[in-house]
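Chains, contacts and geometry: an overview
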Amino acid sequence: MSEPTRAVSFHATSEGLSVEEAVRLPRLAIESVSPVVENGRFAAKATVGRAVKVDAIVFSDGHDKLAGNLLWRSVEAEDWQAEPLESLGHDRWHAEFVPGEAGRLVFAIEAWVDVFATYCDELEKKFAAGVPVELEIKEGEALLREALENASPDNRGKIEDVLQRVSAGGSLDDRVYALLDLELRRIVRAGEGHPHVVRSDLYPLDVERVQAEFASWYELFPRSVTDDPERHGTFRDVMDRLPDIAAMGFDVLYFPPIHPIGRTHRKGPNNSLTAHEGDPGSPYAIGSHEGGHEAIHPQLGSFDDFRELVSAARMHKLEIALDFAVQCSPDHPWLQEHPGWFSWRPDGSIRHAENPPKKYEDIVNVDFYADDAVPGLWIALRDVVRGWVELGVTLFRVDNPHTKPMPFWEWLIADIRQKNPEVIFLSEAFTRPPMMARLGKIGFSQSYTYFTWRNTKHELSEFYTQLNEEPWRNCYRPNFFVNTPDINPYFLQHSGRAGFLIRAALATMGAGSWGMYSGFEICEAAPVPGKEEYLDSEKYEIRPRDYYAPGNIVAEITQLNRIRRQNPALQTHLGFKAYTAWNDNIFYFGKRTADLKNFILVAISMDPWNAQEAHFDLPLWELGLPDDATTQGEDLMTGHTWTWHGKTQWMRIEPWNLPFGIWRIQTQ
């Protein structure tokens, strides 16, 4: 597609303009383009195979009809692809397209005065009012002859046919109807000039594969995949767990750091300051004489074992995700090789990591802006990621990215994804909302959220709604982890099996991506008294488990993941809407696709101990149905089906059976 004949910058001001400059300013205005993040400073997020819906305000002076295109292309391409804009009325315009592959795209809005549509509008109004239109018909003939010169061979026949009908002297009605033919308008628009054409700025889109928006994460410590706390688990042990993890419906298997663990100030059980012989230490104290971030803890296995694990996981349709924690133990080789990459205290001692009043004696942090660290440290960390990508790792959970420089992440993620656009970065940032959003803007594919601490109906409704609205929907994808090795939520500590089912339903139904840390399926909840931490935390010791212990929720998790795969409405956090249930203990909402062909209703009791009842509204108005309509309901957990009559219905939720209901609604 050719460039617009009068592309004009939108940054001009009216101060000191000459008349010649004023004449060159755009006659049409393009405003409020969406999805756009900070006026195009950052790329809005998009997903392969999911329509990108673009909206804009486009208007001009007078009553001329306008037309326009949504233009898009990859940043490397020269030619634009185009989709006509559709008028929604009140100067609002819309178009959409579906990206076919991952990578960086740009898009723009182009608009112009549609001469023939303006002519048709005036002709139609005058003819309907009984005004003589013979002169207007002659004007139409002139426009068609002009259009004929620029028409493609496929379209010339239609224009010639209309010209013949108009000039043949038939009835006035026949000639007018021929000129007002809708197909003729489309053909003429495709070939006519674009007077007063103007194009918006270019806006970037970061298109990622589906797993950036829809995935189920399962976290485990490979060293704990053992039947004996005295025997360190290995990658080969993990291979034996793959069938069970895949059978539960997970597609990402995530490991905390798998690197050599330092011995200096190694932590003992329950984060004690004294470790005894045989204590494995925290995997977040990365690095020893055996290697650093590029190495594998020798008790886990070899690189060949790791490659075999990656291959075996793929056979089970699982991808391996690794933790990228930018921190070191005092034994990390970099302290000897590159002391200038670290912060040192006035007495010559190393500065340990701190989050006052907490102090991490077994960890030291790098200094990104030390004189000796730029650019060597940055490149070394980039090369660590690149090395694991070459070994088949396609996802990275990044530890505390909000405590590292934002420019570093913006550069590293763009650098990795330029060559490997399939790589996904998950931000583990529990911090201020502006920082969490900013990490999404600079490239993180998805993020941990404050979902873990949203427990009431009001809190959850407000939180889910916010994630569906701008600016969050354009720059931030949530991953609803129900627990982590660092977070044993207070709600789970005392709510029993029903509480675990409640949180699993909230996560799987509320977000496209969700995750759980192993032990959740057997309802592990013993805390350090008064803290959101696990007693006998796996971060400091090897912890074998019986994953099918009595009271487990493996079957329910499996079904929840199956429901997600079978219903497109549940494969994104978008499409959420809270509905009315007359009970503050029941969180009732819908998830639906844009075309409403997949419409899921979810009711979750916030009470893990008592039965809850409520009348609730079926959202018949969204389906264009009257209040007395008949619809079909299907319970997606049990397969039970029934018929609903009317809008107002009644429910009872018993937590000792199942503390939630998931229903697919269909019209007859």
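Quantities reported herein were computed from a predicted structural model and do not represent experimental measurements.

1. Side note on the environment of arginine 386
- Along the polypeptide, arginine 386 turns up in helix H10 (residues 376-390).
- Under the relative-accessibility criterion, arginine 386 is labelled partly exposed at 28%.
- As a C-alpha pair, arginine 386 and lysine 419 span 33 residues in sequence and 9.8 Å in three-dimensional space.
- Those residues in contact with arginine 386 that lie beyond four places of it in its chain are Asp415 and Ile416.

2. Notes on the packing of aromatic side chains
- For the structure shown, the criterion picks out 47 aromatic pairs.
- Three or more aromatic residues link up through ring pairs in this structure, and these residues are Phe324, Phe368, Tyr369, Trp378, Phe408, Trp409, Trp411 and Phe444.
- Across from the ring centre of phenylalanine 451, 4.4 Å away, lies the NZ or CZ of arginine 503, which sits over that ring.

3. Considerations on the UniProt feature "active site" (unreviewed entry) in the protein
- This chain's UniProt record puts "active site" (unreviewed entry) on Asp399 and Glu428. Spanning 30 residues, the annotated positions come together in the fold, the maximum distance between their C-alpha atoms being 5.4 Å.
- Turning to its location among the elements, aspartate 399 is positioned in strand E16 (residues 395-399).
- Note that glutamate 428 resides in strand E17 (residues 424-428).
- Once residues lying within four places of it in the same chain are set aside, the contact partners of glutamate 428 are Arg397, Val398, Asp399, Asn400, Pro401, His402, Tyr448 and Asp486.

4. Thoughts on helix H3 (residues 134-150)
- With 17 residues, H3 should cover 24 Å at 1.5 Å per step; its first-to-last C-alpha distance of 25 Å lies within 8% of that length.
- When H3 is considered as a whole, its buried residues turn out to be Glu136, Ile137, Gly140, Glu141, Leu144, Ala147 and Leu148. The arc enclosing the buried residues of H3, seen along the axis, measures out at 150°, which places them on a common side. Looking at H3, the residues exposed on the side facing more than 90 degrees away from the buried face are Leu135, Lys138, Glu146 and Glu149.
- Taken together, the buried residues of H3 touch helix H2 (115-128), helix H4 (153-167), helix H5 (172-179) and helix H6 (182-191).

5. Some words on the pattern of salt bridges
- According to the stated counting rule, one finds 46 salt bridges in the structure shown.
- In this structure, glutamate 136 engages lysine 126 in a salt bridge whose closest nitrogen and oxygen atoms are separated by 2.8 Å. With glutamate 136 in helix H3 and lysine 126 in helix H2, this pair connects stretches of sequence that are 10 residues apart.
- Among the residues examined, glutamate 136 registers a relative accessible area of 13% and is labelled buried.
- Here aspartate 304 makes a salt bridge to arginine 307, at a shortest N to O gap of 3.0 Å. Note that aspartate 304 and arginine 307 are positioned in helix H8 (residues 303-315) at a spacing of 3 residues, about one turn of the helix.

6. Things to note about the domain arrangement of the protein
- Domains assigned within the protein are domain 1 (1-113 + 194-208), domain 2 (115-191), domain 3 (209-570) and domain 4 (576-667).
- Inter-centroid distance (C-alpha atoms) of domain 3 to domain 4 is 34 Å.
- On the domain 4 side, the residues contacting the 29 residues of domain 3 number 28 residues.
- For the pairing of domain 3 and domain 4, the buried interface totals around 2300 Å² over both sides, and the portion due to carbon and sulfur atoms is 71%.
- When residues of domain 3 are sorted by the area they lose upon contact with domain 4, Lys457, Ile502 and Ala569 head the list and together hold 27% of the total.
- Joining domain 3 to domain 4, the criterion identifies 9 residue pairs in polar contact (both at pLDDT 80 or more).

7. Quick word on the sheet that holds strand E26 (residues 641-645)
- Overall, antiparallel pairing links the 6 strands, which are arranged E21-E22-E23-E28-E25-E26 in an open sheet. Each edge of the open sheet carries a strand with a single partner, namely strand E21 (576-578) and E26. Taking the axes of each pair of neighbouring strands and ignoring which way they run, one obtains an average angle of 30° across the sheet.
- Bridging between strand E23 (residues 599-605) and strand E28 (residues 660-667) involves 5 bridges; their strand directions are antiparallel. Residue pairing for E28: isoleucine 600 is matched across the bridge by arginine 664.
- Where helix H16 (residues 496-510) meets the sheet, it contacts strand E22 (586-592), E23 and E28, and its direction lies at approximately 155° from that of E23.

Rules and cut-offs
Residues numbered from 1 in each chain as written. Predicted model: local features only at pLDDT ≥ 70, side-chain atom pairs only at ≥ 80, totals over all residues. Heavy atoms only, no water. Helix = DSSP H or I, 4+ residues; strand = E, 2+ residues; numbered from the N terminus. Buried < 20%, exposed > 50% of the residue type's maximum accessible area, 1.4 Å probe, protein only. Contact = heavy atoms within 4.5 Å. Phe/Tyr/Trp six-rings, centres within 6.5 Å; stacked < 30°, edge-to-face > 60°. Lys NZ or Arg CZ within 6 Å of the ring centre and 35° of its normal. UniProt positions renumbered as here; feature names shortened; annotations may be inferred. Expected span 1.5 Å × (residues − 1). Arc of directions from axis to C-beta. Salt bridge = Lys/Arg side-chain N within 4 Å of Asp/Glu carboxyl O. Domains from an automatic or database assignment. Buried area = accessible area lost by both parts, 1.4 Å probe. Polar contact = N/O pair within 3.5 Å; in protein donor to acceptor, adjacent residues only side chain to side chain. Pairing = 2+ DSSP bridges. Axes fitted to C-alpha atoms, helices over the stretch in contact; angles between N-to-C directions.

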